[in-house]
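# Per-entry structural report
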Amino acid sequence: MLTPVEFSRLVIKRGTVAVVSDPHEIANVLGKRGIEFMIADSRNALIKIFFTIPSCVPATPFDCSGGCITSDDVHDFLKTGNFVGLSEVMNVPGVLNGDAELMRKIEHARQYHLAIDGHAPGLSGEDLQKYVQAGISTDHECTELKEALEKIGAGMKILVREGSAARNYENLKSLIVEHSKELMFCTDDSHPDELIEVGHIDKLVKRAIKDGFDLFDVWRIACMNPIKHYGLNVGMLREGDPADFVIFEDLEDLTVKSVYIGGVEKWDADSLNKFECKEIHIQDLSRMVQKELICIEVADGEIVTQKRTFSIQETRFNFESDIQRDILKIVYLNRYADKPPQVGYIHGVGLQRGAFASSVSHDSHNIIAVGCSDEEIASAINRLIAEKGGLVVIDSAEQEMMPLPIAGIISDRDGYYVAGMWKRLMNRLVNMGCRLSSPFMTLSFMALIVIPELKIGEEGLFEYSNFRFISSKE
């Protein structure tokens, strides 16, 4: 559901330098024009995107699609030199029965010495041998170890798939020990949210390393084998190679520091952002309250606040919130240094449960959060730190976030996405009881101490009329 350019923006952060992609989905809708669009758009991508030519559009003679790719089309595409293989041959009976049109497509690819991908779930025995003898060299449809071993024995490479729906790593992972040279990793349909939250190929690498497999076997599967199998113009750190590489913080968590492609730094985790703070703990937010409690009082549609005092009947060794009186905890955290959070209280938000936090807080854009419990506030703040900026809402066990990876205040997505996510977060807060018409915007002004009357900053609550920091108990 993403263009090549938008896809590249998500996966480069996960350390992906290059991908081999089959554009048969759009070809089924638009035919040759769809493939040409994908190639044209990929030229502006942050990573190297290589394409295979769809072999089965439509997938079978029984399907009705909007486009059709003939053997003549395949030959025309091959002459451009823009492709690294023939896409998965899904029409298995067509191969076994020698379908003339399909076999011409395969023969064209063989003449150009290109890899031919397979799609043969459950195929075995003599039929498998015939399928492989046609020149088909990979399969990503293995779900069981026995099937994969037979196909490796027949000369195929196995693409270990872990997508959003089809997940085969667990059943096939033992192949890594004896067959690392015959394996590659693939996702084969991962939704954008999974790419962002779980990962791309890096998620397979991390799982395999965590499972105790040899580091170099795992990296061979992820990096070297695809380059060699498809003949990709991707550097392998040899003298004279294109400088395509990733710098990680470590080789276990695989936190990406920077990505170089063709000798040019295409992504740097720190170049357009700055987050030096560490995750906080719930106990960091604990505050004792006696007798009186000073609160920031907000009014909807106003950024000028008032100073309001509430009486407290008994000493509270950790005052988290009083939802009945609409007293919530507000937390300020410096994101440019590892400092303790500043804690105060706020009245007028109306939240009945959960918490929300933002790295957009005028004008210094430190982290600001409001919530009903310390646990939820800490979760919201730590999610911002982990993602290096954004807007986040915590509602019980559910989290919803719009990342802002550029300086912690700007999205790298298009305006429609940002507008849609903004509305989604607003609706979530309304359902949680928030009375403010623009809660994140109001929150962003709570750290702007140059606007009256009471705000929160580096040393706690700040009183504008006296232009000084005060104690929350003062």
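Below: a short report on this structure. Given the structure is predicted, the values throughout are model-derived calculations rather than measurements.

The rules behind the values
Residues numbered from 1 in each chain as written. Predicted model: local features only at pLDDT ≥ 70, side-chain atom pairs only at ≥ 80, totals over all residues. Heavy atoms only, no water. Helix = DSSP H or I, 4+ residues; strand = E, 2+ residues; numbered from the N terminus. Contact = heavy atoms within 4.5 Å. Areas by Shrake-Rupley, 256 points an atom, 1.4 Å probe, with all protein chains shown as cover. Phe/Tyr/Trp six-rings, centres within 6.5 Å; stacked < 30°, edge-to-face > 60°. Buried < 20%, exposed > 50% of the residue type's maximum accessible area, 1.4 Å probe, protein only. Lys NZ or Arg CZ within 6 Å of the ring centre and 35° of its normal. Pairing = 2+ DSSP bridges. Axes fitted to C-alpha atoms, helices over the stretch in contact; angles between N-to-C directions. Parallel < 35°, antiparallel > 145°, perpendicular 65-115°, else oblique. Left-handed = near helix turned anticlockwise from the far one by under 90°. Nonpolar A, V, L, I, M, F, W, Y, C, P; charged D, E, K, R; others polar. Salt bridge = Lys/Arg side-chain N within 4 Å of Asp/Glu carboxyl O.

## Looking at the overall build of the chain
Along its length, the chain carries 16 helices and 21 strands. C-alpha atoms of the chain, sized along the principal axes, occupy 85 × 45 × 40 Å. For the chain, restricting intrachain contacts to residue pairs at least 6 apart in sequence, the fraction spanning at least 24 positions comes to 63%. For the chain, the computed accessible surface area is about 22,100 Å², with 50% contributed by carbon and sulfur atoms.

## Details of the packing of aromatic side chains
Going through the model one piece at a time under the given rule, you end up with nine aromatic pairs. When the centroid spacing of 5.7 Å and the interplanar angle of 45° are considered together, the rings of tryptophan 219 and phenylalanine 248 count as tilted. Of this pair, tryptophan 219 sits in helix 13 (residues 215-230) while phenylalanine 248 sits in strand 8 (residues 245-248), and the two are 29 residues apart along the sequence. For the pair tryptophan 219 and phenylalanine 248, one class covers both residues: buried. Each ring, one from phenylalanine 356 and one from phenylalanine 440, has its centre 5.3 Å from the other, and the planes form 85°; the classification is edge-to-face. You can see phenylalanine 356 sitting in strand 15 (residues 355-358) and its partner phenylalanine 440 sitting in helix 16 (residues 439-444), a full 84 residues away along the chain. Look at phenylalanine 356 and you get buried, because its relative accessible area is 1%. Overall, the relative accessible area of 2% leaves phenylalanine 440 in the buried class. Members of the aromatic cluster, joined through ring pairs, are Phe462, Tyr464, Phe467 and Phe469. Over the ring of phenylalanine 77 we find lysine 32, and its NZ or CZ is 5.8 Å from the ring centre. Above the ring of tyrosine 417, the side-chain terminus of arginine 413 is found at 3.9 Å from the ring centroid.

## A closer look at the sheet that holds strand 20 (residues 460-463)
Read from one edge to the other, the open sheet built from three strands follows the order 19-20-21, with strand pairing classed as antiparallel. The open sheet is flanked by strand 19 (454-457) and strand 21 (468-470), the only strands paired with a single partner. The average undirected angle you get between the axes of adjacent strands in this sheet is 45°.

## Here we look at unusual backbone geometry
Looking along the chain, the bond that leaves histidine 362 and enters aspartate 363 is cis, with omega of -5°. Inspection of the secondary structure assignment puts aspartate 363 in the loop between strand 15 and strand 16 (367-371). Residue glutamate 453 is bonded to the preceding proline 452 through a cis peptide linkage, with omega at -5°. Relative to the helices and strands, glutamate 453 is located in the loop between helix 16 and strand 19. You will see that aspartate 189, though not glycine, has its phi angle at about 90°, which is positive. Position of aspartate 189 relative to the elements: it lies in the loop between strand 7 (183-186) and helix 11 (192-197). Under the relative-accessibility criterion, aspartate 189 is labelled exposed at 56%. For serine 396, which is not glycine, the phi torsion reads 60° and is therefore positive. Residue placement: serine 396 occurs in the loop between strand 17 (390-395) and strand 18 (398-403).

## What about the packing of helix 12 (residues 201-210) against helix 13?
It is the contact of helix 12 with helix 13, at a shortest axis distance of 10 Å, that shows an interaxial angle of 160°. The pairing of helix 12 with helix 13 is recorded here as roughly antiparallel in orientation. With respect to the hand of their crossing, helix 12 and helix 13 are arranged in right-handed fashion. In this structure, helix 12 uses Ile201, Val205, Ala208 and Ile209 to contact helix 13, whose residues at the interface are Leu215, Val218, Trp219 and Ala222.

## So, the packing of helix 4 (residues 71-80) against helix 6 (residues 100-111)
A pair of packed helices can be characterised by two numbers: the angle between their axes and the separation between those axes. Look at helix 4 against helix 6: their axes get within 8 Å of each other, and the N-to-C directions meet at 10°. Classified by the interaxial angle, the pair formed by helix 4 and helix 6 is roughly parallel. For the pair helix 4 and helix 6, the contacting residues are Ser71, Val74, His75 and Leu78 in the first and Glu101, Arg104, Lys105, His108 and Ala109 in the second. Partitioned by chemical class, the residues of the contact of helix 4 with helix 6 number three nonpolar, three polar and three charged.

## Re the pattern of salt bridges
Pairs can form between side chains of opposite charge whenever their charged atoms are close. Inspection of every chain in the model, using the stated rule, returns 34 salt bridges. Of the charged contacts, one joins lysine 79 and aspartate 76 as a salt bridge, the two residues approaching to 3.6 Å between their closest N and O atoms. On the criterion of helical spacing, the pair formed by lysine 79 and aspartate 76 is a turn pair, its members being three residues apart in helix 4. For aspartate 76, a relative accessible area of 33% translates into the label partly exposed. Between aspartate 374 and lysine 329 there is a salt bridge whose closest N-O contact spans 3.0 Å. Of this pair, aspartate 374 sits in helix 14 (residues 374-387) while lysine 329 sits in strand 13 (residues 327-333), and the two are 45 residues apart along the sequence. Comparing aspartate 374 with lysine 329, the two get one shared label, buried. Sharing partners across several salt bridges, the network here consists of Glu162, Arg167, Glu170, Lys173, Glu194, Lys203, Arg207 and Asp211.

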